[in-house]
Amino acid sequence: PRTFINREEYVATRLAIYAHSCLKRGAAPATEELMDNIVKLYEYINDKDFYEIHYQRLLAERLINDTSASYDNEKAMISKLKMEGGNATWSKKLEEMFQDLQTSQNILRDFGREFSDMSIDFDCRICTFGQWPYSGFDVVEMPPEVKGVTDAFAKFYAKNFNGRCLEYRLDKGKATVIVPLIQKDKKEKVPTAWPLV
């Protein structure tokens, strides 16, 4: 199987995509056996970097968009990959992504206590630079409807975490727009916040 799997490098990418489809919400629950089978295939891959890059990017997508079916399964999969691949630096980054989520929840809870009269339901993920997959992005002006809240959060963050820089990534995450209709409210999900700008 090792020769067959390593004949084409796209196998590593496809395996990461398959793991993504098994671990995201809406899929059948990822069983221990299924995760073990993915890890067995991962073991055969010579260029594990290809798999790891795509797996990390897709994990970040699941975590940022809150589409992971189970954090327990995510952590179990990371643990299995760590045991098999032995790439401690890579697996540590994945584990720290979960720590960022916990930190984000704590910071947002404190922010919500201090600013309880917000006009919108504000939620964000604070991702430590270097731990999450990074791609360049265009800085755009925040829409006036959310600028007050995002500015208040940036000031709150700067006050509590001196020396850290906060950048909003409108190309990540999602937004929900509610359009009032005569009969009843209709919710329209927007894949990213870009269309709101």
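Everything here concerns the structure above.
So, a few notes on the structure that sits alongside this text. Given the structure is predicted, the values throughout are model-derived calculations rather than measurements.

Description of the overall build of the chain
- Looking only at helices and strands, one finds seven helices and two strands in the chain.
- Expressed as a percentage of its 197 residues, the buried residues of the chain come to 33%.
- Considering only intrachain contacts with a sequence separation of at least 6, the fraction spanning at least 24 residues in the chain is 67%.
- As displayed, the chain offers around 12,700 Å² of accessible surface, 52% of which is attributable to carbon and sulfur atoms.

Brief notes about helix α6 (residues 88–114)
- Relative to the 39 Å expected for 27 residues at 1.5 Å per residue, α6 spans 39 Å between its end C-alpha atoms, a close match to the ideal helical length.
- Burial in α6 covers these residues: Trp-90, Ser-91, Leu-94, Glu-96, Met-97, Phe-98, Asp-100, Leu-101, Ser-104, Ile-107, Leu-108 and Phe-111.

Things to note about the packing of helix α4 (residues 48–64) against α6
- Between α4 and α6, the least distance of the axes is 11 Å, while the angle of their chain directions is 5 degrees. When the axis of α4 is compared with that of α6, the two are roughly parallel. Each of Glu-52, Tyr-55, Gln-56, Leu-59, Ala-60 and Leu-63 in α4 lies in contact with α6, whose residues at this interface are Trp-90, Lys-93, Leu-94, Met-97, Phe-98 and Leu-101.
- Partitioning the contact of α4 with α6 into residue classes produces nine nonpolar, one polar and two charged.

Concerning a negative patch on the surface
- A surface patch of negative charge is lined by Glu-8, Glu-9, Asp-47 and Asp-49.
- Its location among the elements puts Glu-8 in the loop between α1 (2–5) and α2 (10–23).

Here we look at unusual backbone geometry
- For Asp-66, which is not a glycine, the phi torsion comes out positive at approximately 55 degrees.
- Along the chain, the position of Asp-66 falls in the loop between α4 and α5 (71–85).
- The class for Asp-66 is partly exposed, based on a relative accessible area of 34%.

Quick look at the side chain of Ser-104
- Along the polypeptide, Ser-104 turns up in helix α6.
- Within the structure, Ser-104 has its side chain in polar contact with the backbone nitrogen of Ile-126 (distance 2.7 Å).
- In this structure Ser-104 touches Cys-124, Arg-125 and Ile-126, once residues within four positions along its chain are discounted.

Describing the environment of Glu-145
- Its location among the elements puts Glu-145 in helix α7 (residues 144–160).
- With relative accessibility at 59%, the residue Glu-145 sits in the exposed group.

A word on the pattern of salt bridges
- One pass over the full model with this rule turns up 12 salt bridges.
- The salt bridge involving Glu-141 is made with Lys-147; its shortest N-O contact spans 3.7 Å.

Cut-offs and rules
- In this numbering scheme, every chain counts its residues from 1 along its sequence in written order.
- In view of the model being predicted, local features appear only for residues whose pLDDT reaches at least 70, and side-chain atom pairs are presented and counted only at 80 or more, with totals across whole chains, interfaces and linings using the full set of residues.
- Calculated side-chain values reflect all of the structure's heavy atoms, with hydrogen atoms and water omitted.
- We count a stretch as a helix when DSSP gives it H or I for four or more residues in a row; a strand needs E for two or more, and each element gets its number in order from the N terminus.
- Burial here depends on accessible area, computed with a 1.4 Å probe over protein chains only, as a share of the maximum for the residue type. Under 20% is buried, over 50% is exposed, and the range in between is partly exposed.
- By definition in these notes, contact holds between two residues if any of their heavy atoms fall within 4.5 Å.
- Surface accessibility in these figures is a Shrake-Rupley result with a 1.4 Å probe; residues are shielded only by whichever protein chains are displayed.
- Helix span, expected: 1.5 Å multiplied by one less than the number of residues in the helix.
- Axis angles are defined between N-to-C directions and span 0 to 180 degrees, where every axis is a line fitted to C-alpha atoms and, for a helix, only to the segment in contact.
- Orientation is classified from the angle alone, with under 35 degrees giving roughly parallel, over 145 giving roughly antiparallel, 65 to 115 giving roughly perpendicular, and any other angle giving oblique.
- Residues were grouped as follows: Ala, Val, Leu, Ile, Met, Phe, Trp, Tyr, Cys and Pro as nonpolar; Asp, Glu, Lys and Arg as charged; and all remaining residues, including Gly, as polar.
- For patch detection, residues must exceed 30% relative accessible area and be free of salt bridges, and they are connected within 9 Å for like charges or within 5 Å for nonpolar side chains (Val, Leu, Ile, Met, Phe, Trp, Tyr).
- A carboxyl oxygen of Asp or Glu within 4 Å of a side-chain nitrogen of Lys or Arg is what we treat as a salt bridge.
- In this charge count, Lys and Arg are treated as positive and Asp and Glu as negative; neither His nor the chain ends contribute.
- Throughout, a charge is located at the NZ atom of Lys, the CZ atom of Arg, the CG atom of Asp or the CD atom of Glu.
- We define a polar contact as two N or O atoms separated by no more than 3.5 Å, with the added condition that, inside protein, one atom must be a possible hydrogen donor and the other a possible acceptor, whereas residues neighbouring each other in sequence contribute only through side-chain atom pairs.

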